[in-house]
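Below are the chains, spelled out letter by letter.
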Amino acid sequence: MKRFKIAIVEDDEDERFFMVDAFNSFAGFEVVGEFGNGDQLMAWLGKQADPTTELVITDLNMPGKNGYDIISEVRSKYSGIDVVATSTSSVDATRNKCLAMGARQFLVKPDVFIHYQDYVERLYQLLSPARSSN
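So, here is what we can say about the structure in this document. Bear in mind the structure is a predicted one, so any value in this text is a computation, not a measurement.

**Some thoughts on the pattern of salt bridges**
When the charged atoms of two side chains with opposite charge come close together, those side chains can pair.
Item 1. As enumerated under the stated definition, the model contains 10 salt bridges in all.
Item 2. For the salt bridge of Lys 109 with Asp 59, the shortest nitrogen-to-oxygen distance reads 3.1 Å. Taken as a pair, Lys 109 in the loop between strand 5 (105-108) and helix 5 (116-132) and Asp 59 in strand 3 (residues 55-59) lie far apart in primary sequence, 50 residues in all. With respect to burial, Lys 109 and Asp 59 carry one shared label: buried.
Item 3. Taken together, the shared-partner salt bridges in this structure form one network comprising Glu 10, Glu 15, Asp 59 and Lys 109.

Dropping the structure here:
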């Protein structure tokens, strides 16, 4: 089983707790960093000589650098890191904007925190076929 090294960016502490817990309990992911906004993520990435992070999971609406900023900056500065945007919004225009900006995937957050396990499994299924063909 491929194991993705991920960083999670979510400003809601409770939501971040449940996300990290769900990703850590699934064998296909290893959480290597968790951050409250894009400023913190970019500062952390900038301090690493050779980032091992393969994937950034980011909320869209946050103070400081938001999810759109993260998609743009990570895509331009770190070609080896993919970005998955996540939001409570299921509006097609939001999804399409994220994908057009270069996000690898866009997933709607679960309504209930305890459903993050299903979210994590779904994300792994979406990522795995493309990764295994490389």
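From this point, the narrative continues.
**Concerning the sheet that holds strand 4 (residues 82-87)**
Item 1. The five strands lie next to each other as 2-1-3-4-5, forming an open sheet whose pairing is parallel. This sheet does not close on itself; its edge strands, each paired only once, are strand 2 (29-35) and strand 5. Each strand axis lies, on average, 25° off the axis of its neighbour in the sheet, ignoring direction.
Item 2. Pairing of strand 1 (residues 4-9) with strand 2 involves six bridges; the strand directions are parallel. Bridge assignment links Val 9 to a residue of strand 2, and that residue is Phe 35.
Item 3. Those strands touched by helix 4 (residues 92-101) are strand 4 and strand 5, and its axis lies near 155° from that of strand 5.

**Focus on the packing of aromatic side chains**
Item 1. Considering all chains together, one arrives at 10 aromatic pairs under this definition.
Item 2. Ring geometry for Phe 17 and Phe 18: centres 5.3 Å apart, planes at 85°, overall edge-to-face.
Item 3. Ring geometry for Phe 35 versus Trp 44: centroids 5.0 Å apart, planes at 45°, classification tilted.
Item 4. Taken together through their ring pairs, the aromatic side chains of Phe 4, Phe 23, Phe 26, Phe 29, Tyr 116, Tyr 119 and Tyr 124 make up a single cluster.
Item 5. Of note, Lys 97 hangs over the ring of Tyr 68, and the distance from its end group to the ring centre comes to 4.2 Å.

**Some words on helix 2 (residues 38-47)**
Item 1. Looking only at helix 2, the buried set comprises Gly 38, Leu 41, Met 42 and Leu 45. The arc that holds every buried residue of helix 2, seen down its axis, measures 95°, which confines them to one face.
Item 2. In the core, the buried residues of helix 2 are packed alongside strand 1, strand 2, strand 3 and helix 3 (67-77).
Item 3. N-capping of helix 2 is provided by Asn 37, with a side-chain oxygen placed 2.9 Å from the backbone N of Asp 39.

**Focus: the environment of Lys 47**
Item 1. Residue position: Lys 47 is located in helix 2.
Item 2. Given a relative accessible area of 72%, Lys 47 falls into the exposed group.
Item 3. Separated by 62 residues in the primary sequence, Lys 47 and Lys 109 have C-alpha atoms spaced 30 Å apart.

The rules behind these values
- Residues numbered from 1 in each chain as written.
- Predicted model: local features only at pLDDT ≥ 70, side-chain atom pairs only at ≥ 80, totals over all residues.
- Heavy atoms only, no water.
- Salt bridge = Lys/Arg side-chain N within 4 Å of Asp/Glu carboxyl O.
- Helix = DSSP H or I, 4+ residues; strand = E, 2+ residues; numbered from the N terminus.
- Buried < 20%, exposed > 50% of the residue type's maximum accessible area, 1.4 Å probe, protein only.
- Pairing = 2+ DSSP bridges.
- Axes fitted to C-alpha atoms, helices over the stretch in contact; angles between N-to-C directions.
- Contact = heavy atoms within 4.5 Å.
- Phe/Tyr/Trp six-rings, centres within 6.5 Å; stacked < 30°, edge-to-face > 60°.
- Lys NZ or Arg CZ within 6 Å of the ring centre and 35° of its normal.
- Arc of directions from axis to C-beta.
- Polar contact = N/O pair within 3.5 Å; in protein donor to acceptor, adjacent residues only side chain to side chain.

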